[in-house]
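# Structural features, examined
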Amino acid sequence: MDIGYIFLFIAFISTLYSTAAYYFGIKEKRASYLKNGEKAIYLSAATTLVSSALLVYYFLTDNFRIEYVAYHSNIALPAAYKITAFWAGSEGSLLLWTILIMGYAVAYVRMEKKDLLSAYTLLIVNIIALFFLSLLISIQNPFRDLGFMPSDGAGLNPLLQTPEMAAHPPTLFLGYAGSAIVYALALAGVMTANDTWVYRGRKWIVFTWIWLTQGIFWGALWAYDVLGWGGYWAWDPVENSSLLPWLTLSALMHSVMIQEARRGMKLWNIILAFMTFEFVILGTYITRSGVISSVHAFGQSNLTPPFTFMLFAVFAITLYIIYERKDYIKSKDIIEAAASKEATFLFNNLILVTSALTVFWGTIFPLISEGITGYKVTIGPPFYNTVITPLAFFLIILLGLCIAFPWRRTSGKELLKRLRLPAAAFVAGLVYSIAVGHRFEMVIAISSFLFAITTHLQQYIWDTASFREQYGNLSLIKIVLRRRRRYGGYTAHLGLLLVFIGIAGGIYAQEYENVRLQIHQPANFGEYTLIYSAPDYEDTPLKTTWAAKIEIWKDGRLLGVARPAIEQYKAGNGEQIRKVYIHTEFPKDLYLILNGIDENSALLTVKIEPTVNLIWLGSWVLTAGGVFALIPRRFVRGLFEGAKKKEEVVS
Amino acid sequence: MKLKAVIVLFLLLIAGGKALAVTLDDIQSDVLCTCGCGMILKSCECGTAAKLREEINQMISSGMTKEEIIAELQSTYGKEILANPPKEGVFAGLWYYPVVLISAGLIVLYVILKRRRSEWYADPDEIINEDYEDLELEH
């Protein structure tokens, strides 16, 4: 038995003990039990960490006796990718999930008040950790011994040997594991009938949301840079499963504000937290089980029974708690006027949740169709594009409206004042984009974008003027920091607007052509001239590469020499991949895919992605908005002394 | 009058968007490559995809409509080639579901928006500046 496995087993026992300690501590109101449960969390985290470190060590030292290492690494693999091979397979990624949950549990213990709400939260987190640990010590043991030492391993899939894939799983799993805390807090809040959970939960919600955003971003960037098909999102089941929790968590991030302001939406918020976590479990399951065909899945596995059990158990427990606490979560009015921020939040929740449930429906529909007709239908991008596009346009308009509408209520006259300029921007967008000949969808996209961004800019200007009046000489930065939640939100909106217009440009204004370039013969593509100058062949112990050297010219100026390539790897199944070449002129990319090559000609797919870099920029702005909203109060408390004095003077 | 002008402009935009001849792009987003990669034809760059594109281009040249081309491809390669199921039988459920969902959601919102006896506790933008333990909460 490997020592790594022994540490995992200790973590399992320790978590089991912690669960029991919290359960009996709550039941018998014994603080000492809770204290022991807390200590056991530290022990579980430490032993899981040691176990993970041992697995990394086995990768770095080429210990191919360990089956997982033998399947996902080889001697020639660069050291950095030997570390990232940790999460290349099902067992390692479940271990990553577990260590992150344990990390969250330790962070929660250290950061939050020790009260009944925390005790319930940690009890639930422990139960979730137990599920993953029980998989790791049984059917998903990453330390399984082969019984002999192979001379070399099978190697890591070359598509995973990229910086993007080094970043994608850890960031996404930080989001996935964070959703466990959000769900546990929400459930604990309802169990203890304690509204405090929304205040305590908001930083965990935002933190989780930041990592889900980053995870999706790195996944999309990987698809674009590495997969070599010229896109970043294919509505594949695995991609969808990372989007689902992001959508419901975004809805929750808004609806908890209504609970803060109105003490309503209690049932809805627990449902959103539940949906987020359930989608995370579903996503983990889809990726690892092979139950739905996907280009990303790990393949068939034995995970269907435990994950099906987990999905139903989470559903049943949530339903039971809701039933038990029906008096606490009973419906409460939350609206004073239809023209209010609260109302726009309701519509935003409707769109986000409808989008999530529709994507979920499209993702599982192949299973439904197989069950009913025996035919496993494929749900491709046209379905999602048809359904999600109008919802996305509506969401962007709402993004503008929710800034224009204040909390509580507003008068018709005030509303007219707030919407005058954005409406003018919308019309200007319509006129401009029709004049330049954009297609219908792009016209609507540009106009909606301008409407929403104008409401934001207008609000910034008005706020600046009002702050000057209210706070006198206090600097704008300090004022913005004081309202960091609001401006974090606004910044995230700007990021989403950039992502939106970036995606719209890719769908509606992309140019692409399959061309055969004859050697030394210029060929025009859009504003670029491409010249195939020479073939390039390279053979190393790792791979064989066929590349084409292609000069890129624009306005008589040489912009660079591209080298798109086809690479044939020698390890494993001898996988062949396309190394695309991307020439960036912000916000657009010239994207070259090599499809075939000989001495006299090169067969290429040439694409111009007009706005793709706005998606990457927008993702960072989204993240920055989240980070800004998360700045802890104690970091900025001292900055507001001036503001307080001024407020006192004013009052 | 203004409303009429807006409606006419909107209809013109829709008409402008639709009055185009069928192109390879229109078709290859709706069918899958037959090499087994699971990608839509537009995204696949293999030899099978190139051959299929040639086949579609020939059908476009012969004046076939989008529906006719997709029907022809379906009869040759089976319904597995469709990137989307047909809007009929069991598969209609796929398409009607989002409509049912949003309609139900709108009805719920209508009911919520009609009830206006809510209480105001605090501005969520400002709560971040308070210690939540100090707030008066319902228990």
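What you see is a predicted model; the values in this text were computed from it and never measured.

Here we come to the overall build of chain A. Across its full length, chain A holds 20 helices and 10 strands. Its C-alpha atoms give chain A a radius of gyration of 27 Å, within 12% of the compact-globule value 26 Å for 651 residues. Projecting the C-alpha coordinates of chain A onto the three principal axes gives extents of approximately 80 × 70 × 55 Å. Here chain A holds 651 residues, and the buried ones make up 61% of them. Long-range pairs, those at least 24 residues apart, make up 72% of the contacts in chain A with a sequence separation of at least 6.

As a further point, take the overall build of chain B. Counting its secondary structure elements, chain B contains 6 helices and 0 strands. Scanning chain B from its N terminus toward the C terminus, one meets helices and strands in the order α-α-α-α-α-α. Relative to its 139 residues, chain B shows a buried fraction of 33%. Residue pairs in contact within chain B that sit at least 24 positions apart in sequence constitute 37% of those at least 6 positions apart. For chain B, the exposed surface amounts to about 8500 Å²; the carbon and sulfur share of it is 60%.

Residue and element names in this part refer to chain A. Scanning the entire structure with this criterion turns up 45 aromatic pairs over all chains. Judged by centre distance (4.3 Å) and plane angle (20°), the rings of Trp97 and Phe132 are stacked. With Trp97 in helix α5 (residues 90-111) and Phe132 in helix α6 (residues 116-136), this pair connects stretches of sequence that are 35 residues apart. Given a relative accessible area of 0%, Phe132 falls into the buried group. Considering the side-chain rings of Phe279 and Phe360, the 5.5 Å spacing of their centres and the 50° angle between planes classify their relative orientation as tilted. Pair noted here: Phe279 is in helix α10 (residues 266-289) and Phe360 is in helix α12 (residues 341-373), with a separation of 81 residues, a long-range link. Take Phe360: its relative accessible area is 22%, and that puts it in the partly exposed class. Taken together, the aromatic side chains of Trp97, Phe131, Phe132, Phe173, Tyr176, Tyr285 and Phe307 make up a single cluster linked through ring pairs. The ring of Trp462 is capped by Lys417, whose NZ or CZ atom sits 5.0 Å from the centre of that ring. Positioned above the aromatic ring of Tyr512, the side-chain terminus of Lys607 is 5.3 Å from the ring centre.

Residues and elements named next belong to chain A. With 4 of its 5 residues buried, strand β6 (residues 565-569) lies for the most part within the structure. Note that strand β4 (residues 543-554) and β6 share 5 bridges and pair antiparallel. Directly across from Thr545, in β6, lies its bridge partner Glu567. The sheet contact formed by β6 and strand β7 (residues 576-579) spans 4 bridges and is antiparallel. By the bridge assignment for β7, Ile566 is matched with Arg578. As consecutive antiparallel partners, β6 and β7 are separated by 6 residues, and within that stretch Gly572 has a phi angle of approximately 60°, a positive value.

A few words now on the environment of Lys39 of chain A. In this fold, Lys39 of chain A is placed in helix α2 (residues 31-60). Overall, Lys39 of chain A belongs to the exposed group, its relative accessible area being 52%.

Residues and elements named next belong to chain A. Read across the sheet, 4 strands follow the order β1-β10-β9-β8 without closing on themselves; strand pairing throughout is antiparallel. For this open sheet the edge positions go to β1 (511-518) and β8 (581-585), each flanked by a neighbour on one side alone. On average, each strand axis in the sheet is tilted by 20° relative to the strand beside it, whichever way the strands run. In this sheet, strand β10 (residues 601-609) lies alongside strand β9 (residues 588-597) in antiparallel orientation, the contact comprising 8 bridges. In the sheet register, Tyr591 faces β10, and the bridge partner there is Lys607.

Quick look at the packing of α6 of chain A against helix α11 (residues 304-324) of chain A now. Residue and element names in this part refer to chain A. Across the interface, α6 lies against α11 with an axial gap of 11 Å and an inter-helix angle of 175°. Taken together, α6 and α11 sit at an angle that is classed as roughly antiparallel. For the pair α6 and α11, the contacting residues are Ile128, Phe131, Phe132 and Leu135 in the first and Pro306, Phe307 and Met310 in the second.

Our next topic: the interface of chain A and chain B. Each partner contributes to the interface: chain A provides 71 residues, whereas chain B provides 61 residues. Linking chain A with chain B are 1 salt bridge. Among the ionic pairs, Asp333 of chain A bridges to Arg115 of chain B, the shortest N-O distance being 2.8 Å. Taken together, the connections running from chain A to chain B amount to 5 residue pairs in polar contact (both at pLDDT 80 or more). A per-class count over the side of chain A that touches chain B returns 35 nonpolar, 15 polar and 21 charged.

A few words now on the UniProt feature "domain: CcmH/CycL/Ccl2/NrfF N-terminal" (unreviewed entry) in chain B. Per the UniProt annotation, the sites labelled "domain: CcmH/CycL/Ccl2/NrfF N-terminal" (unreviewed entry) are residues 23-120 of chain B. Across residues 23-120 of chain B one finds 56% helix and 0% strand; the C-alpha atoms that close the span lie 57 Å apart.

On to helix α14 (residues 412-435) of chain A. Residue and element names in this part refer to chain A. Over its 24 residues, α14 extends 33 Å from the first C-alpha to the last, a length consistent with the 34 Å expected when each residue adds 1.5 Å. Largest kink in α14: about 40°, centred on Leu419, with the proline Pro422 one to four residues after it. Among the residues of α14, those classed as buried are Leu415, Arg418, Leu419, Pro422, Ala425, Gly429, Leu430 and Ser433.

Attention now goes to the nonpolar core. All names here are of chain A. Ranked by size, the top nonpolar core spans 170 residues in total, and within it Ile128, Phe132, Leu252, Phe277, Phe307 and Trp616 carry the most contacts. The leading source of residues in this core is helix α7 (residues 163-191), at 16 residues. Phe345, Cys402, Ile403 and Trp407 belong to the second largest nonpolar core, which has 20 residues in total.

Further remarks concern the packing of α7 of chain A against α11 of chain A. All names here are of chain A. At a minimum axis distance of 10 Å, the contact between α7 and α11 shows a crossing angle of 30°. By the angle between their directions, the pair α7 and α11 is classed as roughly parallel. Where α7 crosses over α11, the two elements pack in a sense that is left-handed. Across the interface between the two elements, Tyr183, Leu187, Val190 and Met191 from α7 touch Val314, Ile317, Thr318 and Ile321 from α11. Residue composition of the contact of α7 with α11, by class: 7 nonpolar, 1 polar and no charged.

Tracing the chain through its elements places Ser369 of chain A in helix α12. The exposure class of Ser369 of chain A is buried, given its relative accessible area of 0%. Look past the residues within four positions of Ser369 of chain A in its chain and what remains in contact with it is Gly374, Tyr375, Lys376 and Val377 of chain A together with Phe91 of chain B.

Attention shifts here to the pattern of salt bridges. Side chains that differ in sign of charge can pair as their charged atoms come close. Residue and element names in this part refer to chain A. The tally for this structure, following the rule as stated, stands at 27 salt bridges over all chains. Ionic pairing is found between Glu112 and Arg200, a salt bridge with its closest N-O pair at 3.8 Å. Taken together, the residues Glu112 in the loop between α5 and α6 and Arg200 in helix α8 (residues 196-227) connect sequence positions 88 residues apart. Shared partners join several salt bridges into a network, and the residues in it are Arg262, Glu336, Glu342, Arg408 and Arg409.

Here we take up the UniProt feature "transmembrane region" (unreviewed entry) in chain B. UniProt's feature table lists "transmembrane region" (unreviewed entry) at residues 94-113 of chain B, given in the numbering used throughout. Structurally, residues 94-113 of chain B is divided into 100% helix and 0% strand, and its ends, taken at the C-alpha atoms, are 30 Å apart.

Here Ile379 of chain A is to be found in the loop between α12 and α13 (381-404). The spatial distance from the C-alpha of Ile379 of chain A to the C-alpha of Phe24 of chain A is 48 Å, given a sequence separation of 355 residues. Residue contacts for Ile379 of chain A: discarding those within four places in its chain leaves Gly362, Phe365, Pro366 and Tyr384 of chain A together with Ala83, Asn84, Pro85 and Leu94 of chain B.

Analysis parameters
Residues numbered from 1 in each chain as written. Chains lettered and ligands numbered in written order. Predicted model: local features only at pLDDT ≥ 70, side-chain atom pairs only at ≥ 80, totals over all residues. Heavy atoms only, no water. Helix = DSSP H or I, 4+ residues; strand = E, 2+ residues; numbered from the N terminus. Rg over C-alpha atoms; globule rule 2.2 N^0.38 Å. Buried < 20%, exposed > 50% of the residue type's maximum accessible area, 1.4 Å probe, protein only. Contact = heavy atoms within 4.5 Å. Areas by Shrake-Rupley, 256 points an atom, 1.4 Å probe, with all protein chains shown as cover. Phe/Tyr/Trp six-rings, centres within 6.5 Å; stacked < 30°, edge-to-face > 60°. Lys NZ or Arg CZ within 6 Å of the ring centre and 35° of its normal. Pairing = 2+ DSSP bridges. Axes fitted to C-alpha atoms, helices over the stretch in contact; angles between N-to-C directions. Parallel < 35°, antiparallel > 145°, perpendicular 65-115°, else oblique. Salt bridge = Lys/Arg side-chain N within 4 Å of Asp/Glu carboxyl O. Polar contact = N/O pair within 3.5 Å; in protein donor to acceptor, adjacent residues only side chain to side chain. Nonpolar A, V, L, I, M, F, W, Y, C, P; charged D, E, K, R; others polar. UniProt positions renumbered as here; feature names shortened; annotations may be inferred. Expected span 1.5 Å × (residues − 1). Bend = angle between axes of the 7 residues up to and from the residue. Core = buried A, V, L, I, M, F, W, Y, C linked by side-chain atoms within 4.5 Å. Left-handed = near helix turned anticlockwise from the far one by under 90°.

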